Amino acid sequence: MTLLQGQAAVDQLLELLDLKQVDAATFQGESPQTGAQRVFGGQVAGQALVAAGRTVDPARHVHSLHGYFVRAGDPTVPITFHVENIRDGRSFSVRRATARQHGKTIFFMSASFQIPEEGLDHHTTTPDDVPAPEDVPTMLDWVAKYPDRMAMFNSSPRSVDVRYVGVPGWVPPGDREIQPQQRVWMRFDGRLPDDPLIHACALTYASDMSLLDAVLSTHGEVWGPGGVIGASLDHALWFHRPFRADEWFLYDSTSPSASGARGLANGRMFTRDGRHIASAVQEGLLRRIGG
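Note that this is a predicted model, so its numbers are computed, not measured.

*Asks:* When you look at the sheet that holds strand β6 (residues 104-114) in this model, what are you seeing that I'm missing?
*Replies:* Neighbouring strands of a sheet are bound in pairs by backbone hydrogen bonds; such pairs are parallel or else antiparallel. Taken in spatial order, the 12 strands line up as β1-β2-β4-β5-β6-β3-β9-β12-β11-β10-β8-β7 in an open sheet, and their pairing is antiparallel. Looking along the sheet, the strands with just one partner apiece sit at the ends: β1 (20-23) and β7 (160-164). Strand-to-strand, the axes of this sheet are offset by a mean angle of 25°, without reference to chain direction. Here strand β5 (residues 92-101) pairs with β6 via 10 bridges, running antiparallel. Bridge pairing in β6 links serine 93 to phenylalanine 113. Helix α2 (residues 41-53) contacts β2 (26-29), β3 (61-69), β4 (79-88), β5, β6 and β9 (228-239) of the sheet and is inclined by roughly 55° relative to β6. Here helix α5 (residues 196-207) sits on the sheet and contacts β3, β7, β8 (182-188), β9, β10 (249-259), β11 (262-271) and β12 (276-288); the angle it forms with β9, its principal contact strand, is near 150°.

*Asks:* Where do I start with the nonpolar core in this structure?
*Replies:* The nonpolar side chains of soluble globular proteins are, as a tendency, buried together. Val44, Leu49, Phe81, Phe107, Met109, Phe188 and Phe239 are the most contacted members of the largest nonpolar core, which has 69 residues in total. Beyond its immediate chain neighbours, meaning those up to four positions away, phenylalanine 81 contacts Leu19, Ala25, Thr26, Phe27, Gly29, Val44, Gln47, Ala48, Ala51, Thr98 and Ala99. Counting residues in each nonpolar core, the second largest holds five residues, with Val130, Val136, Trp185 and Leu250 among its members.

*Asks:* Could you clarify how one ought to interpret the packing of aromatic side chains in this entry?
*Replies:* When we look at a pair of aromatic rings, we describe it by the centre distance and by the angle of the planes. Summed over all chains, the structure comprises six aromatic pairs. Between the aromatic rings of phenylalanine 40 and tyrosine 205, the centroid separation amounts to 5.0 Å while the plane-to-plane angle is 75°, which identifies the pairing as edge-to-face. Residue phenylalanine 40 is found in the loop between β2 and α2, and its partner tyrosine 205 is found in helix α5; the two are separated by 165 residues along the sequence. Look at phenylalanine 40 and you get partly exposed, because its relative accessible area is 29%. Assessed through its relative accessible area of 15%, tyrosine 205 is described here as buried.

*Asks:* Just checking my understanding: could you explain the pattern of salt bridges for this structure?
*Replies:* If charged atoms from side chains of opposite charge come close, those side chains can pair. Applying the stated criterion across every chain, the model contains 14 salt bridges. Measuring nitrogen to oxygen at the nearest pair gives 3.1 Å for the salt bridge that ties arginine 163 to aspartate 161. Residue arginine 163 shares its accessibility class with aspartate 161, and that shared class is buried. Linking arginine 183 and aspartate 252 is a salt bridge whose minimum nitrogen-to-oxygen distance equals 2.9 Å. Here arginine 183, found in strand β8, pairs with aspartate 252, found in strand β10; they are 69 residues apart in sequence, far enough to count as distant. One network of salt bridges, with partners in common, ties together Asp129, Arg183, Asp252 and Arg268.

*Asks:* Hey, could you run me through unusual backbone geometry in this one?
*Replies:* Unusually for a residue other than glycine, histidine 102 sits at a positive phi of about 50°. By the element assignment, histidine 102 lies in the loop between β5 and β6. Histidine 102 sits in the exposed class, given a relative accessible area of 61%. For alanine 261, which is not glycine, the phi torsion reads 65° and is therefore positive.

*Asks:* Whenever I open this one, the pairing of β9 confuses me. Can you help?
*Replies:* Within a regular strand, the side chains alternate between the two sheet faces. For β3 and β9, the ladder comprises five bridges, and the chain directions are antiparallel. Opposite histidine 66, over in β9, you have alanine 236 as the bridge partner. Looking at chain direction, β9 and β12 are connected through 11 bridges and run antiparallel. Bridging across to β12, phenylalanine 239 finds its partner in alanine 278.

*Asks:* Would you mind going over the side chain of serine 31 with me for this structure?
*Replies:* With respect to the helices and strands, the residue serine 31 is situated in the loop between β2 and α2. Assessed through its relative accessible area of 7%, serine 31 is described here as buried. There is a polar contact of 2.9 Å between the side chain of serine 31 and the side chain of glutamine 43. Ignoring anything within four residues of it in the chain, the contact list for serine 31 reads Leu16, Val39, Gln43, Pro75 and Ile79.

*Asks:* I tried to follow the environment of aspartate 129 on my own but got confused; where do I start?
*Replies:* Within the secondary structure, aspartate 129 is located in the loop between β6 and α3 (139-145). Owing to a relative accessible area of 55%, aspartate 129 belongs among the exposed residues under this scheme. Linking aspartate 129 and glutamine 114, residues 15 residues apart in sequence, is a C-alpha distance of 34 Å. Polar side-chain contacts of aspartate 129 include one of 3.2 Å to the side chain of arginine 183.

Quick notes on the rules
- Residues numbered from 1 in each chain as written.
- Predicted model: local features only at pLDDT ≥ 70, side-chain atom pairs only at ≥ 80, totals over all residues.
- Heavy atoms only, no water.
- Pairing = 2+ DSSP bridges.
- Helix = DSSP H or I, 4+ residues; strand = E, 2+ residues; numbered from the N terminus.
- Axes fitted to C-alpha atoms, helices over the stretch in contact; angles between N-to-C directions.
- Contact = heavy atoms within 4.5 Å.
- Core = buried A, V, L, I, M, F, W, Y, C linked by side-chain atoms within 4.5 Å.
- Buried < 20%, exposed > 50% of the residue type's maximum accessible area, 1.4 Å probe, protein only.
- Phe/Tyr/Trp six-rings, centres within 6.5 Å; stacked < 30°, edge-to-face > 60°.
- Salt bridge = Lys/Arg side-chain N within 4 Å of Asp/Glu carboxyl O.
- Polar contact = N/O pair within 3.5 Å; in protein donor to acceptor, adjacent residues only side chain to side chain.

Put into structure tokens, the structure is as follows:
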């Protein structure tokens, strides 16, 4: 299998987001055949948002979503998405999208859409001590230091250019110092269409990447043997301002709490010029594993 990267990988992701419409409220999506044992959570969340968004007037833009990961998705079979119209008001539309496989729910999400309006405007400022994306290591730079991680790096298409300001969570145990935050530059590594819904779905996809790393970095912990294994439990995302997911944004994440084998992470996304475009909150299951 040839590994896709750059525009080819972005085009494949766009194909995954281009759901087949079965009827007015039912859609079907596929998963990339990479040999993965379960569907990436950001994929099913992004696809669910596509399904919900296709039942809403395009003049109304998504401003928030809240989802629960119920079961691991099977990447070898299609995912069926059913959308329930909760309400269409004068300014807002609310949808509930449920993803099912093998007759069971694997994910469900509520999403709210709004007609653009003018109002109060303020936001938190971007961290001022963060180097530019061009000045931090690429994933290939990191893999060059840890060649045993190459198989992991090559296990899925690389549609997102991810650049850690600190140390990634997948390095070997002992190679990661305690850090109170996880900061990552991201952008989709190819051109996306101008449709705002596509950019929102792409950002939803990316928002499930690296967020739980903030829980581990608080303890200097890592993923995998000798460290922690985890899975997303729920995910919430708020869209604040217009953006392009194919332009650099900083994902600035922290963890306010971890207990009961669960960890909570907050993430803020900023454009290069300092606009706060989105906020995410995720709780994950985190269990220590043997070496």
